Amino acid sequence: MKNIPHSSRSRRKSILEEKIMKCIMAIATYSIILVFIYMILVISREGIPALSWEMISEIPGGGFYFGKEGGILNAIIGSVYLSVGGTFLSLLISIPVALYLNIHLLHYNRITAGIRYLLDILWGIPSILYGAFGFVLMIVFHLQASLLAGIITLALMITPIIIRAFDEALQGIPEGMLEACYAMGLTRRQIAFQVFIRQAMPGLITATLVGFGRAIGDAASVLFTTGYTDYIPKNLYDPTASLPLAIFFQLSSPIPEVRERAYAAAFILTIIILMISLLIRLCTSRLSKYQI
Amino acid sequence: MNRGKWFDLLSDNWMLLATLLMSILPLSVGFGLLIESMPLLRQYHLRHLVSSSAWSPAEGKFGMISFITGTLWVTGLSLCMAAPVSLLVSIYITQYAKPWLMRTIHLVMDILAGIPSVVYGVWGVLVIVPWISQKLAPALGYSSSGYCVLSGGIVLAVMSIPYILHLQIEIFRTIPIELKEISLSLGATYWETIKYVLLKQARRGIIASVGLGISKALGETIAVLMVVGNVPQIPENMFQAGYPLPALIANNYGEMMSIPHYLSALMFAGLILFLIICLFNSISHWIIHKMHQT
């Protein structure tokens, strides 16, 4: 504390210093908001002129990659299949894990800390490594690049994200709830699926949406595992297109018309993500009022 | 046993199984990558692989050093931009800002964190690349195509700021308010309190948040891939193209089956990335864990 000055001149100096620092910090803060607005503006400015009904209602035609007829319906549908499938598969794993941590292992602090640490490691693994791991799995199980392989890879990638968010919601349940439930003679299954999951429902929905948003926007993990096709997949063993990959491939084309389509596709993807963000906001503010 | 008992048993085992599955997943990712890169490691010496710069899969040369330096350049540059900015912002909005600004930043942060990597890439190609090639590089006396490690760094900085910021806001919130009150009542100005009390308390947390930011930035693939140029060379300045590890893996998946050891080399690149990220993650989590204990 000896650095704090006492005389009035140094007092004035430190007040000046505070003003300057405050100014720099304010600039940094507003610049983040500005960068965000600028980004949305650029994507809209480039994307909207290239957008047409044909783009979102047709699959690629014969000369699509040379700037002729067709659209990216295959990629939109493919992305929806992949992320809905991935989210569903992931929920089958993430709901029980989060419940297990908060009910069965509630008082085993060492074990839960260890598992949460492993989950954090998983959360930090980049999606390209999940893609590579999915590829290794494909070699081991003799799978082809297909919708199924993509769904499995995506599920692995988003499960840590969903568990982490759902786990946080479950940790918000008041202490003593579990003891109260045991005292009423409920079994652990009943506590899990009739009490805890209802209490944490807003958190679960938010977690699911976050995972879904991540799944729909991720390109790196499905790069190896889904293949790419101009057609809408008919079953789980067909290769599948996805929206991020469509953007990526079209942007690397030398033909300007094709690149413009990439901007339009990026705009569509941004709108989808913005809508999901909005939904998450709505859920957290609306649903939390039903909690105890 | 009645039906309820069966369901109890089913649910308990399902939960246990899922938890075990998730617990062994990090190990099996590392192990899977290791097994696939074994053929390469048997053929070449490990030291040779990570220190040689010769990259020519068709001739059987798999030197990784240019990809490692490319990764370091991009990550380092992005951190030099993201770390100070997020620290300034997190201090401002936890200590000075009005509630509406805080809400706005939270909203912006959430949306920025959700925007897919490929959209950042498109933005980088549209805005950052032309800006660097036409304005910044000539102004500093370099010539650049714009597809360089600096573009990758800028795009990554924008991508990783929401993550670092989120953690730092949490850390500043956990500091007890009494500490601030004591300092203020001793006659320190608000800024002095922040400088000498808050920053000192939060020091380790700030380091940890930057560590997590690093591991986030290291692995981002598509956005970097789109703007960084992808030339396998050791970049000498920030206006030269680089070729980070994730981009290497993503770019070559098409031809890797046809050349011997190519797949192994890519999986080895993945293994290096995995080990670096686990290291940074572990250190950061350890620091945060320590902070919560004291």
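Here the structure is a predicted model, which is why all the values come from computation and not from measurement. The written sequence of each chain sets the order in which its residues are numbered from 1. All chains are assigned letters beginning with A, and all ligands numbers beginning with 1, in the order in which they are written. Reporting in this predicted model follows two pLDDT cut-offs: at least 70 for local features of residues, and 80 or more for side-chain atom pairs to be given and counted; totals over whole chains, interfaces and linings ignore these cut-offs and use all residues. Only hydrogens and water are set aside when side-chain values are computed; all heavy atoms of the structure are taken into account.

Across its full length, chain B holds eleven helices and two strands. Put simply, DSSP H or I for four residues or longer makes a helix, DSSP E for two residues or longer makes a strand, and each gets a number counted from the N terminus. Put simply, chain B runs from its N terminus to its C terminus through helices and strands in the order α-α-β-β-α-α-α-α-α-α-α-α-α. Along the first, second and third principal axes, the C-alpha atoms of chain B reach 80 × 70 × 35 Å. Relative accessibility under 20% of the residue-type maximum defines a buried residue, over 50% an exposed one, and the middle range a partly exposed one, all with a 1.4 Å probe and only protein chains included. The buried share of chain B, taken over its 294 residues, is 56%. Residue contacts are counted whenever heavy atoms from the two residues lie within 4.5 Å of one another. Contacts in chain B between residues far apart in sequence, at least 24 positions, make up 72% of those at least 6 positions apart. Of the roughly 12800 Å² of accessible surface on chain B, a fraction of 65% belongs to carbon and sulfur atoms. Residues counted as positive are Lys and Arg, residues counted as negative are Asp and Glu, and His and the chain ends are not counted. A charged residue contributes its charge at one atom only: NZ of Lys, CZ of Arg, CG of Asp or CD of Glu. Considering chain B, the positive charge centre built from 16 side chains and the negative charge centre built from 12 side chains are found 6 Å apart. Residue exposure ignores everything except the shown protein chains as possible cover, and the areas themselves are Shrake-Rupley values with a 1.4 Å probe.

Next up on the list: the environment of A:Leu101. All names here are of chain A. For Leu101, the position within the fold is in helix H3 (residues 73–102). For the pair Leu101 and Ala113, spaced twelve residues apart in sequence, the C-alpha to C-alpha distance is 9.6 Å. In contact with Leu101, other than residues within four places in its own chain, are Leu106, Thr112, Ile115, Arg116, Leu119 and Asp167.

There is a patch of nonpolar side chains on the surface, built from A:Phe88, A:Leu89, A:Leu92 and B:Trp14 and spanning about 370 Å² of accessible area. At three residues, the largest contribution of residues to the nonpolar patch is made by H3(A). Relative to the helices and strands, A:Leu92 resides in helix H3. On the basis of relative accessible area, A:Leu92 is assigned to the partly exposed category, the value being 38%. Patch criteria: residues need more than 30% relative accessible area and no salt bridge. Like-charged residues are merged within 9 Å; nonpolar side chains of Val, Leu, Ile, Met, Phe, Trp and Tyr are merged within 5 Å. Salt bridges are counted wherever a side-chain nitrogen of Lys or Arg sits within 4 Å of a carboxyl oxygen of Asp or Glu.

Next up on the list: the packing of helix H8 (residues 188–199) of chain A against helix H1 (residues 3–43) of chain B. Viewed as axis vectors pointing N to C, H8(A) and H1(B) meet at an angle of 75 degrees, and their least axial separation amounts to 8 Å. In terms of axis orientation, H8(A) runs roughly perpendicular to H1(B). Between H8(A) and H1(B), the residues in contact are A:Arg188, A:Arg189, A:Ala192 and A:Phe193 and B:Gly4, B:Phe7, B:Asp8, B:Ser11, B:Asp12, B:Trp14 and B:Met15, respectively. Each residue receives one of three labels: charged for Asp, Glu, Lys and Arg, nonpolar for Ala, Val, Leu, Ile, Met, Phe, Trp, Tyr, Cys and Pro, and polar for the others, Gly being one of them. Considered class by class, the residues forming the contact of H8(A) with H1(B) number five nonpolar, two polar and four charged. Axis definition: a line fitted to C-alpha atoms, over the contacting stretch in the case of helices. Angles run 0 to 180 degrees between N-to-C directions. Oblique is the label for any angle not under 35 degrees, not over 145, and not in the 65 to 115 range, which are roughly parallel, roughly antiparallel and roughly perpendicular in turn.

Moving on: unusual backbone geometry. One non-glycine residue, A:His142, lies in positive phi territory at about 55 degrees. By secondary structure assignment, the location of A:His142 is in the loop between helix H5 (127–141) and helix H6 (147–171). Accessibility expressed as a relative area gives 71% for A:His142, which makes it exposed. You will see that B:Asn230, though not glycine, has its phi angle at about 55 degrees, which is positive. For B:Asn230, the location among the structural elements is in the loop between helix H9 (222–227) and helix H10 (245–251).

Our focus in this paragraph is the interface of chain A and chain B. Counting residues at the interface gives 80 residues for chain A and 84 residues for chain B. In this assembly, chain A and chain B are joined by four salt bridges. For the salt bridge of B:Asp110 with A:Arg281, the shortest nitrogen-to-oxygen distance reads 2.6 Å. Think of a polar contact as two N or O atoms within 3.5 Å of one another; within protein, one of them needs to be a possible hydrogen donor and the other a possible acceptor, and neighboring residues in sequence only count if both atoms come from side chains. Taken together, chain A and chain B are joined by eleven residue pairs in polar contact (both at pLDDT 80 or more). The greatest single-element share of the side of chain A that touches chain B, amounting to 23 residues, is contributed by helix H1 (residues 8–50) of chain A.

Before going further, it helps to examine H5(A). Helix length check: H5(A), at 15 residues, gives a terminal C-alpha distance of 21 Å against a target of 21 Å (1.5 Å per residue), a fit within 8%. Where burial is concerned, most of H5(A) is hidden: eleven out of the 15 residues are buried. For H5(A), the full list of buried residues reads A:Ser127, A:Ile128, A:Leu129, A:Tyr130, A:Gly131, A:Ala132, A:Phe133, A:Gly134, A:Phe135, A:Val136 and A:Met138. Elements in contact with the buried residues of H5(A): helix H4 (109–124) and H6 of chain A together with H1, helix H8 (190–219), H10 and helix H11 (262–293) of chain B. Multiply 1.5 Å by the residue count of a helix minus one, and that product is the helix's expected span.

Here, the residues flagged by UniProt with the feature "transmembrane region" (unreviewed entry) are residues 12–35, 72–93, 105–132, 144–165, 205–228 and 262–288 of chain B. Taken end to end, residues 105–132 of chain B has its terminal C-alpha atoms 28 Å apart, with 93% of it in helix and 0% in strand. UniProt positions are given in the numbering used here, feature names are shortened, and annotations may be inferred rather than shown by experiment.

The next point concerns the nonpolar core. The nonpolar side chains of a soluble globular protein tend to be buried, and buried together. For the purposes of this section, nonpolar cores are sets of buried Ala, Val, Leu, Ile, Met, Phe, Trp, Tyr and Cys residues that join through side-chain atoms within 4.5 Å. In terms of nonpolar packing, the biggest core is built from 181 residues, with A:Leu99, A:Phe166, A:Phe196, B:Met64, B:Tyr120 and B:Val122 touching the most fellow members. All the domain ranges listed were derived from an automatic or database domain assignment. Composition of this core by domain shows at least three residues from each of domain 1 (3–50) and domain 2 (64–290) of chain A. In contact with B:Val122, other than residues within four places in its own chain, are A:Ile43, A:Ile247, A:Leu251, A:Tyr263, A:Ala266 and B:Met226.

All names here are of chain A. Using the residue numbers shown here, the UniProt feature "transmembrane region" (unreviewed entry) corresponds to residues 20–43, 72–101, 121–141, 147–166, 195–216 and 262–283. Annotated as 100% helix and 0% strand, the span residues 20–43 places its first and last C-alpha atoms 35 Å apart. For the annotated span residues 195–216, helix accounts for 95% and strand for 0% of the residues, and the straight-line distance between the end C-alpha atoms is 31 Å.

The next subject is the packing of aromatic side chains. Side-chain rings of Phe, Tyr and Trp (the six-membered ring for Trp) are treated as a pair once their centres are within 6.5 Å; stacked means planes under 30 degrees apart, edge-to-face means over 60, and tilted covers the remaining angles. All told, the structure shown has 13 aromatic pairs over all chains when counted by the stated rule. Taking 6.0 Å as the distance between ring centres and 75 degrees as the angle between the ring planes, the aromatic pair formed by B:Tyr44 and B:Phe62 counts as edge-to-face. Of the two residues, B:Tyr44 is situated in the loop between H1 and helix H2 (46–51) and B:Phe62 in strand S2 (residues 61–62); the sequence distance between them amounts to 18 residues. On the basis of relative accessibility, which here comes to 3%, the residue B:Phe62 falls in the buried class. Members of the aromatic cluster, connected to one another through ring pairs, are B:Tyr44, B:Trp55, B:Phe62, B:Phe67, B:Tyr243 and B:Tyr262. The ring of A:Trp123 has A:Arg164 sitting right over it, with the charged end atom 4.3 Å from the ring centre. The criterion is that NZ of a Lys, or CZ of an Arg, lies within 6 Å of the ring centre and within 35 degrees of the ring normal, and then a charge sits over that ring.

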